[in-house]
Amino acid sequence: MPKEDGAKWSELGSRLAAAGVTALRFTHRGCGAGGPDPSDGAFEDTTLTGRIEDFRAALDALPSLGVTTNRVGAIGSSYGGMVVLAALDPRVAALA
């Protein structure tokens, strides 16, 4: 990930944490091929439904990582923002 992109997510996550909100950031399938955390799948197969499934799977995984899920914040940019809005998941207390 570009250095400035990492700084943006780090700053948003830090502000959410300071407000007592768990920040969630992950790489959707088919994305991040050139970055440090490549994912499975092909970008060409990206759909809104598939991205919502990925988002919900990430939320489902939080308890197994020891993360309290009573105040989860989701950070989405561009299409990722649309995903978290379209998911309408009641576990999400804040959006950025």
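See above for the structure.
The shown structure was predicted, so the numbers you read here are calculated from the model rather than taken from an experiment.

**A few points about the sheet that holds strand S3 (residues 92–95)**
At step 1: Taken in spatial order, the three strands line up as S1-S2-S3 in an open sheet, and their pairing is parallel. Of all the strands in the sheet, just strand S1 (22–24) and S3 have a single pairing partner and so form its edges. With strand direction ignored, the average angle separating the axes of adjacent strands in the sheet is 35 degrees.
At step 2: Relative to S3, strand S2 (residues 72–74) is paired through three bridges, and the arrangement is parallel. Within S3, the position partnered with Ala-74 by the bridge is Leu-95.
At step 3: Taken strand by strand, helix H2 (residues 48–61) contacts S1, S2 and S3, and its axis lies near 140 degrees from that of S1.

**Comments concerning the pattern of salt bridges**
At step 1: In this structure the tally under the stated criterion is four salt bridges.
At step 2: Across the pair Arg-56 and Asp-89 runs a salt bridge whose closest N-O atoms are separated by 3.7 Å. Placement of the pair is Arg-56 in helix H2 and Asp-89 in the loop between helix H3 (79–87) and S3, with a sequence separation of 33 residues.
At step 3: Owing to a relative accessible area of 10%, Asp-89 belongs among the buried residues under this scheme.

What counts, and at which threshold
Residues numbered from 1 in each chain as written. Predicted model: local features only at pLDDT ≥ 70, side-chain atom pairs only at ≥ 80, totals over all residues. Heavy atoms only, no water. Pairing = 2+ DSSP bridges. Helix = DSSP H or I, 4+ residues; strand = E, 2+ residues; numbered from the N terminus. Axes fitted to C-alpha atoms, helices over the stretch in contact; angles between N-to-C directions. Contact = heavy atoms within 4.5 Å. Salt bridge = Lys/Arg side-chain N within 4 Å of Asp/Glu carboxyl O. Buried < 20%, exposed > 50% of the residue type's maximum accessible area, 1.4 Å probe, protein only.

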